[in-house]
Amino acid sequence: MRFAVFLDIDGVLNTRTTVESTPEGHTGIDDARVDILAKVIKKYGSADIVLTSDWKDLRPGSDDFSYLVSKLEKQGLKLAGKTTDHWHDRGEGIRNYLELHPEIEDFVILDDNKFDFQDYQELWERLLITYGIERARFASQTPQVETIIFLDYIKAFSAHQRTVRSV
Ligand SMILES: [Mg+2]
């Protein structure tokens, strides 16, 4: 099954307590969180990673965008594409992307904000609200089954990481 992960960055691969900075001085990306994402996707099988974050508006040649790409690459991940939208209509951007990519059969959305997702039931039921990827929860009370599986994997690998660290 062709599966996509619509990925926000801030609040997913970092949090307000993240210490690392980007080359241009913004909040950086935590390797431990990319590691969880990479392991979840590997366990899942495969996934197209589609960038929904405001990071998508960075110039592809800029230091910060290169930083993002290299952070993902280090864990074997790469971006398949990005959505196009304006500030508060990320859901609409995802809808448009899905229309242009009918090969995507199912997907999950990782984001720390709700934006307009609730306007679209098929998005809302696939949204995982994060405070850092390791603290993800369902947005909907009736999440889709693939979203349930994805969150199970996040929990499993987050728990594993905690175990490793506490040794
Ligand atoms: Mg965010």
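You'll find the structure just up there.
Residues numbered from 1 in each chain as written. Predicted model: local features only at pLDDT ≥ 70, side-chain atom pairs only at ≥ 80, totals over all residues. Heavy atoms only, no water.

Concerning the nonpolar core
Piece 1. Counting 32 residues, the largest nonpolar core has V5, L7, L13, L37, L110, F150 and I154 as the members making the most contacts within it.
Piece 2. The dominant element in this core, judged by the number of residues it contributes, is helix α1 (residues 31-44), at seven residues.
Piece 3. When residues of this core are sorted by domain, at least three fall in each of domain 1 (18-29 + 37-43 + 53-103) and domain 2 (125-167).
Piece 4. Excluding residues within four positions of it along the chain, L110 makes contact with V5, F6, L7, D8, V12, L37, L128, T130, I133, F150 and I154.
Piece 5. By size, the runner-up hydrophobic cluster in this structure holds 16 residues, among which are F107, I109, W124 and L127. (Core = buried A, V, L, I, M, F, W, Y, C linked by side-chain atoms within 4.5 Å. Buried < 20%, exposed > 50% of the residue type's maximum accessible area, 1.4 Å probe, protein only. Helix = DSSP H or I, 4+ residues; strand = E, 2+ residues; numbered from the N terminus. Domains from an automatic or database assignment. Contact = heavy atoms within 4.5 Å.)

Things to note about the coordination of the magnesium ion
For a metal with four donors in a tetrahedral arrangement, the ideal angle between donors is 109.5 degrees, while six donors in an octahedron ideally sit at 90 or 180 degrees.
Piece 1. Coordination sphere of the magnesium ion, protein contribution only: D8 (OD), D10 (O) and D112 (OD), at 2.1 to 2.2 Å.
Piece 2. Residue class for D10 comes out partly exposed when judged on its relative accessible area of 33%.
Piece 3. According to the relative accessible area criterion, D112 is partly exposed, its value standing at 28%. (Donors = N, O, S within 2.8 Å, 3.2 Å for Na, K, Ca; no water.)

Some remarks on the pairing of strand β4 (residues 106-111)
Piece 1. Counting buried residues along β4, six of its six residues qualify, which places the element largely inside the surrounding structure.
Piece 2. The side-chain alternation of β4 yields two buried faces, one formed by D106, V108 and L110 and the other by F107, I109 and D111.
Piece 3. One ladder, built from five bridges, connects strand β1 (residues 3-7) with β4; its direction is parallel. Bridged to V5 within β4 is V108.
Piece 4. Where β4 lies against strand β5 (residues 127-130), three bridges are found, and the strand directions are parallel. Across the sheet, residue D111 finds its bridge partner in β5, namely I129. (Pairing = 2+ DSSP bridges.)

Structural notes on helix α3 (residues 90-100)
Piece 1. Of all the positions in α3, only R90, G91, G93, I94, Y97 and L98 are classed as buried. Along the long axis of α3, the arc covered by the buried residues comes to 160°, so they all point the same way. Away from its buried face, by an angle of more than 90 degrees, α3 presents the exposed residues E99 and L100.
Piece 2. Those residues of α3 that are buried are in contact with β1, β2 (48-51), β3 (79-82), β4 and α4 (121-124). (Arc of directions from axis to C-beta.)

Thoughts on the layout of surface pockets
Piece 1. Here the largest pocket defines a volume of roughly 340 Å³.
Piece 2. D10, G11, N14, T27 and W55 are the residues nearest the centre of the largest pocket, which is lined by 15 residues in total.
Piece 3. Across the lining of the largest pocket, the residue classes break down as three nonpolar, seven polar and five charged. (1 Å grid on protein atoms, 1.4 Å probe; cavity = no way out; pocket = protein on both sides within 12 Å on 5 of 7 lines; lining within 4 Å. Points joined across faces, edges and corners; volume = space filled by probe spheres on them. Nonpolar A, V, L, I, M, F, W, Y, C, P; charged D, E, K, R; others polar.)

Here's the deal with the pattern of salt bridges
Pairing between side chains of opposite charge can happen when their charged atoms approach one another.
Piece 1. Counting across every chain of the model gives 14 salt bridges.
Piece 2. Residue D30 is joined to R33 by a salt bridge in which the shortest nitrogen-to-oxygen separation is 2.6 Å. The same class applies to D30 as to R33, namely buried.
Piece 3. Taking the relative accessible area as the measure of exposure, R33 reaches 12% and is therefore buried.
Piece 4. One network of salt bridges, in which partners are shared, links D8, D54, R90 and D111. (Salt bridge = Lys/Arg side-chain N within 4 Å of Asp/Glu carboxyl O.)

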